[in-house]
Amino acid sequence: MTSRSAPDSPGPRGWVSRPRDAAPAAVPPRDPASFPRAGEADVPRIRWHGGDGELAALLADHATAAGLRVTTGGGEVVAELAEAAGLTELHLPEGSAPLVVLAPDGPVPDRSWDAALRLGALALLRLPSESEVLLGLLADLARPRDRALVIGVAGGCGGAGASSLAARLTAAARAQGPVTLVDADPLGGGLDVLVEEPWHGGLGWDEAAALGAEDAEALGRGLLRVDEVALLVAGRGAGADAERLARVLPALAARGGTVVVDLAVELVPAARPELDRLLLVVPGTDHAVAAARRRLGAWRLPAGLAEVVVRRGGPLAPREVAEDLALSLAGAFRDSAPGVVPLLDVQRGGADRCCRALLREARGGDRP
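Now for a quick tour of the structure. (Residues numbered from 1 in each chain as written. Predicted model: local features only at pLDDT ≥ 70, side-chain atom pairs only at ≥ 80, totals over all residues. Heavy atoms only, no water.)

Moving on, we come to the overall build of the chain. Within the chain, the regular secondary structure consists of 12 helices and 13 strands. Here the chain holds 368 residues, and the buried ones make up 51% of them. Intrachain contacts of the chain at a sequence separation of at least 6 include 73% that bridge at least 24 residues. Carbon together with sulfur atoms contributes 51% to the accessible area of the chain, which is approximately 16,000 Å² in total. (Helix = DSSP H or I, 4+ residues; strand = E, 2+ residues; numbered from the N terminus. Buried < 20%, exposed > 50% of the residue type's maximum accessible area, 1.4 Å probe, protein only. Contact = heavy atoms within 4.5 Å. Areas by Shrake-Rupley, 256 points an atom, 1.4 Å probe, with all protein chains shown as cover.)

The next subject is the pairing of strand E11 (residues 277-283). Burial within E11 is extensive, with 7 of its 7 residues counted as buried. Residues Arg277, Leu279, Val281 and Pro283 point to one face of E11 and Leu278, Leu280 and Val282 to the other, with burial holding for every one of them. Two elements, strand E6 (residues 149-155) and E11, share 5 bridges in a ladder whose sense is parallel. Pairing of valine 153 across the sheet is with leucine 279, part of E11. Here 6 bridges tie E11 to strand E12 (residues 306-311), and the two strands are oriented parallel to one another. (Pairing = 2+ DSSP bridges.)

All right, on to the nonpolar core then. By size, the foremost hydrophobic cluster in this structure holds 80 residues, and its most contacted members are Leu263 and Leu278. By residue number, the principal contributor to this core is helix H4 (residues 162-173), which donates 8 residues. Not counting chain neighbours up to four residues away, the residues in contact with leucine 263 comprise Gly152, Val153, Ala154, Ala184, Leu245, Val268, Ala271, Leu275 and Leu278. Of all hydrophobic cores here, the second largest spans 23 residues; its members include Leu59, Ala63, Val78 and Leu102. (Core = buried A, V, L, I, M, F, W, Y, C linked by side-chain atoms within 4.5 Å.)

Here we come to helix H3 (residues 131-142). Its 12 residues place the ends of H3 16 Å apart at the C-alpha level, agreeing with the 16 Å of an ideal helix rising 1.5 Å per residue. Burial within H3 is extensive, with 10 of its 12 residues counted as buried. Considering only its buried residues, H3 is in contact with strand E1 (45-49), helix H1 (54-66), strand E3 (79-83), strand E4 (99-104) and strand E5 (123-127). (Expected span 1.5 Å × (residues − 1).)

In this section: a negative patch on the surface. A cluster of like negative charges, contributed by Asp286, Glu320, Glu323 and Asp324, occupies part of the molecular surface. Within the secondary structure, glutamate 320 sits in helix H11 (residues 318-325). Residue classification places glutamate 320 among the partly exposed residues on the basis of a relative accessible area of 38%. (Patch = residues over 30% accessible without salt bridge, like charges linked within 9 Å, V, L, I, M, F, W, Y side chains within 5 Å. Salt bridge = Lys/Arg side-chain N within 4 Å of Asp/Glu carboxyl O. Lys, Arg positive; Asp, Glu negative; His and termini not counted. Charge placed at Lys NZ, Arg CZ, Asp CG, Glu CD.)

Turning our eyes to something else, we now look at the pairing of E1. Within E1, 4 of the 5 residues are buried, which leaves it mostly tucked inside the rest of the structure. The parallel pair E1 and strand E2 (residues 69-71), bridged by H1, forms a crossover whose chirality is right-handed. (Right-handed = clockwise from strand over helix to strand, strands pointing away.)

Here you go:
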């Protein structure tokens with residue numbers, strides 16, 4: 001499946017969903033007055049593929065709050081939205097914007113999930129319980145801006161080296177504008193420790209989560225800085241969780257440049273809506289491939305979002321790992337020499353060269 005995005009309408013990426021038997025998390029109400037207003041001729045339009053019942057009425061209310069207008073006809077639109085019940089017969093216009101699928105609260109049939117994935121949907125949301133998420137997505141479409149390239153890095157198994165690769169990827173991004181490294185592994189050792197930069201103040205997760213996208217510059221100024229890199233870590237406070245991550249990533253993305261997120265396994269679904277790419281670091285062993293396959297199955301990612309980066313040294317060649325996982329091979333690297341510090345010690349070859357190539361490819365075009 002190809003991920004599609006409308007020109008000049010950067011928005012959150014990835015597949016938004018919760019386990020089918022999970023209760024939606026409670027979210028605070030959003031003040032509609034915080035959204036921009038515009039004259040009728042300037043209001044971006046979203047197209048609705050569905051009936052004119054309760055879902056359509058809820059969508060119209062959300063769109064108005066976000067500064068958008070709903071249409072069912074032709075013309076230029078910034079996004080396509082559809083009712084889950086009619087997905088199996090839906091055919092989107094060529095080159096359409098990302099699809100948001102709406103369903104009433106309650107169980108969603110398997111055929112609707114499958115059809116949404118086939119269409120490349122960026123979100124399947126149940127209303128009214130997930131109203132806050134829908135408002136966030138629509139507000140992002142209504143406020144075009146320069147958006148950061150957001151890259152998630154996760155381990156395909158324990159000890160894969162994802163944190164180290166995230167730090168090296170951040171170092172490679174420094175020459176391309178503002179760059180932020182996010183420690184979203186609450187049970188890890190801490191990226192500040194990994195890069196040998198003891199925490200000495202700066203915003204932690206609680207403070208960062210209290211800021212919205214409109215406070216992006218204040219957020220950037222308040223973060224710990226290491227060699228031109230803004231670093232969001234727990235410090236002495238609470239670490240990342242799903243709610244904090246979902247609030248912070250849109251604000252960091254609004255700063256532009258590059259955001260690299262070192263992701264714990266359990267937080268990949270929370271980060272998914274904002275990710276442009278997810279790099280899965282997998283050692284070249286059968287055991288690591290088996291673990292990575294289980295994680296990919298649990299995450300329910302849209303096709304094309306995840307790519308594998310292979311840590312050489314095992315019996316499997318990088319191409320074999322990619323083929324076993326049915327993922328594109330983004331790169332491969334060997335471990336650095338002992339004593340080399342990620343982010344601070346940048347080398348010509350190894351993982352640093354792999355990360356430079358990854359950034360060149362990511363900046364050269366949209367994800368396939």
